[in-house]
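Results of the structural survey
Okay, here's what each chain looks like letter by letter:
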Amino acid sequence: MSEPLIVLRQTWPEDFVQRYRRAGYWRGETFPGFLRERVGRFPERTAIVDHEQRWTYAQLGERAQTIAAGLLAMGLHPGDRVVLQIGNVAEFYSVAFGLFLAGMIPVYALPAHRITEISHFVHKAQACAYIAQQQYGGFDYRVLARELQAREPGVRHVVISGDAAEFTPLESFTPDPARLPATDPDPQSVAFLQISGGSTGLSKLIPRTHDDYIYSFRASNEICRITQDSRYLVALPAAHNFPMSSPGALGTLYAGGTVVLSRSTAPEDAFALIERERVTDLGLVPPLALLWAQSAQQTRADLSSLRVVQVGGAKLTPEAARRVIAGFKCQLQQVFGMAEGLVNYTRLDDDENTILNTQGRPISADDEVLVVDDQGQAVPIGQSGYLLTRGPYTIRGYHNDDAANARAFTEDGFYRTGDVVQRSANGYLTVQGRANDHINRAGEKISAEEVEDHLLAHPQVFDAAVVSIPDEYLGERICAFIIVRGEKPRAPALKAWMRERGLAAFKVPDQIVFVDAFENTAVGKTSRKELRARLRGEFLGGQSASPASPSNT
Ligand code: OOB
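Predicted, not measured: the structure shown is a model, and the values here were computed from it.

Reading guide: rules and limits
- What you see as residue numbers is a count from 1 along each chain, following the sequence as written.
- Per-residue local features of the predicted model are confined to residues with pLDDT of at least 70, and side-chain atom pairs are confined, for both listing and counting, to 80 or more; whole-chain, interface and lining totals are unaffected and use all residues.
- With hydrogens and water set aside, each side-chain value is computed from the structure's full complement of heavy atoms.
- Between 30 and 60 degrees the pair is tilted, below 30 it is stacked and above 60 it is edge-to-face, where a pair is any two Phe, Tyr or Trp rings, Trp via its six-membered ring, whose centres lie within 6.5 Å.
- By definition, any uninterrupted DSSP run of H or I lasting at least four residues is a helix, any uninterrupted run of E lasting at least two residues is a strand, and each is numbered from the N terminus.
- Each residue gets one of three labels from its accessible area relative to the maximum for its type: buried under 20%, exposed over 50%, partly exposed in between, using a 1.4 Å probe on protein chains only.
- Lysine NZ or arginine CZ positioned within 6 Å of the ring centre and within 35 degrees of the ring normal marks a charge as sitting over the ring.
- Only strands that DSSP links by at least two bridges are regarded as paired with each other.
- The handedness of a crossover follows from its direction of travel: if, with the strands pointing away from the viewer, the path from the first strand over the helix to the second runs clockwise, the crossover is right-handed.
- What fixes the domain bounds is an automatic or database domain assignment.
- A contact between two residues is defined here by any heavy atoms of the two lying within 4.5 Å.
- By buried area we mean how much accessible surface two parts lose on assembly, using a 1.4 Å probe and totalling the loss over both.
- The term salt bridge refers to a side-chain nitrogen of Lys or Arg lying within 4 Å of a carboxyl oxygen of Asp or Glu.
- In protein, a polar contact requires one atom able to donate a hydrogen and another able to accept it; more generally it is a pair of N or O atoms within 3.5 Å, and residues adjacent in sequence count only if both atoms are side-chain atoms.
- Under the scheme applied here, ten amino acids are nonpolar (Ala, Val, Leu, Ile, Met, Phe, Trp, Tyr, Cys and Pro), four are charged (Asp, Glu, Lys and Arg), and all others, including Gly, are polar.
- To qualify as a nonpolar core, a set must consist of buried Ala, Val, Leu, Ile, Met, Phe, Trp, Tyr and Cys residues joined through side-chain atoms within 4.5 Å.
- The criterion for a residue being near a molecule or strand is simple. One of its heavy atoms has to lie within 4 Å of it.
- Throughout, the Shrake-Rupley method with a 1.4 Å probe supplies accessible areas, and for residues the shown protein chains are the sole cover considered.

**Examining the packing of aromatic side chains**
Counting across every chain of the model gives 29 aromatic pairs. The interplanar angle of 85 degrees and the centroid separation of 6.0 Å between the aromatic rings of phenylalanine 271 and tryptophan 292 together place this pair among those described as edge-to-face. Of this pair, phenylalanine 271 sits in helix H10 (residues 267-277) while tryptophan 292 sits in helix H11 (residues 286-296), and the two are 21 residues apart along the sequence. Here phenylalanine 271 and tryptophan 292 have matching classes, each one buried. Among the aromatic residues, those joined into a cluster by ring pairs are Phe31, Phe34, Phe92, Tyr93, Phe97, Phe100, Tyr108, Phe192, Tyr213, Phe217 and Tyr254. Taking the ring centre of tyrosine 254 as reference, the NZ or CZ of arginine 38 above it sits at 4.0 Å.

Here is the structure:
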């Protein structure tokens, strides 16, 4: 007997649904329809380049259909949530589209996530399957899969690309068109769950619908002038919202262009690909943009195909922006976005001043932006305030998380982004900082609270406060202040212990400072927020911020 079909929905009020449809944003497109249409229109064009592998649109379509049929044959059902953890390889897209064709809902994990995060996603999404690679970046995901099944009995299916050991090999699936659902999903249903940066505590799951997400990259294509001649390089993790849809790989496929995958972020590897594939567009976080820009000035590789370098995910200072332009000798576009929705771009025809000094303006005329003070009152143009937003591709709530929703959304449906911004008279935003204690480490978002919770589980840690410290290379680095209990652990041992707990390496503190006490803080009287602010202030007053090593070891 088949289980009832679960359809996840987003909760836009009906008047907004009507408005977004009337305006032509939501056109009733779905991911299966998008793929089918492109396969029909561009069968022989190259969709994806991954090392020596080149897939045409027809081949991408066939792979996706085979995967959909294989998953259904295994006993998965439309509506099932499936955690997907695949790096920058072609299968990322065949599996994602395979899940869409089967009516299933991918939950996009990053390759850096470990058992702690993956278990949390499974739990929150009530996922029944996990799809990963045998190995990526030197890590064996079958080990993670074993631990996952031991911890989460609900994960009944594991599919592995490559040598699958005891699990189902992705490559064993065979085509069976008769198995595929006869109808496409409801365009307003949830297509996938994206991972939030996690400003407080653990990451939340972001439900994006077919209609809203397709609108976001269709409109991004227009702003970024992506066409079938575009060749877009994915160097950031493919599962991240920026290289996925701003306009990213999905925008490029929507336009009939070519997606080029890089497994490496080293400039020499990427430059070889740019030259070989005549890459036209790419997106980077600021530290990588600066590193690549510097190398671009010395490289012998031919980068003349580059048209636009996008930088986003963390603040690009005006000076850094200048260096990016000088290094790449092509157009810079700043991108200020969030997986919850709102994306801002500087426009390709903006003047230099705007491109250097702002993080752009929203995609849509119906992106409502409020900049407010502590009391929720709008601040005058040009003054700093908290950014709130609602619009045709910004979620109205996280998946399965009433407590987070009460904090993160206003009663009338605005998302509290947690960003502090200034807005100019013509609607451009300049990011000033964050309202909450989340750390933006080279574009990776880390919750101070989550890291503190892990540290507190260590037997020799009495108390811990985790703060962001400005860092020349990373933008911000993670610093943990620790009061020990009993014998003082060695900092490297403590870091290794955190990694062994199965935590993504990017959350392990870059720096550990042992202190005797958190002075002046009567326990229970000072909020963690104030304590973190004070420690951070003392630290910065006491010593200058020197660059951290880019690795966490
Ligand atoms: C992107 O998405 P997320 O969900 O990883 O992180 C969102 C947060 C923003 O709220 C903001 O705090 C920060 O990342 N951020 C920026 C920024 N772009 C993102 N802060 C300053 N300047 C920028 N340009 O990071 C993301 C999603 C889609 C496109 C681009 C980035």
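**Re the pairing of strand E15 (residues 308-312)**
With five of five residues buried, E15 is to be regarded as a mostly interior element. Side chains of E15 alternate between two faces, with Val308, Gln310 and Gly312 and Val309 and Val311 buried alike. In terms of strand pairing, strand E14 (residues 281-284) meets E15 through four bridges, oriented parallel. Across the sheet, the residue bridging to leucine 282 is valine 309, located in E15. A crossover links E14 with its parallel partner E15, the connecting element being H11, and its sense is right-handed. In terms of strand pairing, E15 meets strand E16 (residues 331-338) through five bridges, oriented parallel. What sits directly across from valine 309, in E16, is leucine 332. Taken together, E15, helix H12 (residues 318-328) and E16 constitute a β-α-β crossover, and its handedness is right-handed.

**Thoughts on the domain arrangement of the chain**
With domains assigned, the chain is organised as domain 1 (54-184) and domain 2 (438-552). One C-alpha centre belongs to domain 1, the other to domain 2, and the line joining them spans 35 Å. Between domain 1 and domain 2, the contact holds seven residues from the first and ten residues from the second. Carbon and sulfur atoms supply 53% of the area that domain 1 and domain 2 bury against each other, a total of about 520 Å² over both sides. Ranking the residues of domain 1 by area buried against domain 2 places Ala112, Thr116 and Glu117 at the top, with a combined share of 64%. Counting every contact that joins domain 1 to domain 2 gives one salt bridge. In this structure, lysine 507 engages glutamate 117 in a salt bridge whose closest nitrogen and oxygen atoms are separated by 2.8 Å. Applying the counting rule to domain 1 against domain 2 returns four residue pairs in polar contact (both at pLDDT 80 or more). Classifying every residue of the side of domain 1 that touches domain 2 by side-chain character gives three nonpolar, two polar and two charged.

**Structural notes on the nonpolar core**
Phe31, Ile48, Tyr93 and Tyr130 are the most contacted members of the largest nonpolar core, which has 83 residues in total. In this structure tyrosine 93 touches Ile48, Leu60, Val234, Ala238, Ala249, Val259 and Leu261, once residues within four positions along its chain are discounted. Grouped together as the second largest cluster of nonpolar side chains are 67 residues, Trp12, Leu303, Phe336 and Val371 included.

**Topic: the site of the ligand**
Surrounding the ligand, one finds 19 residues, the nearest of these being His240, Val335, Ala339, Asp419 and Lys445. Taking lysine 315, its main chain carries an N or O atom lying 3.4 Å from a nitrogen atom of the ligand. Within the contact set of the ligand, an oxygen atom lies 2.9 Å away from a side-chain nitrogen or oxygen of lysine 445. Starting from 600 Å² of accessible surface for the ligand in isolation, the protein chains cover 95%. When residues of the shell around the ligand are traced back to their parent elements, those giving at least two are helix H8 (241-245), E16 and strand E22 (429-434). For the shell around the ligand, the class distribution of residues is seven nonpolar, eight polar and four charged.

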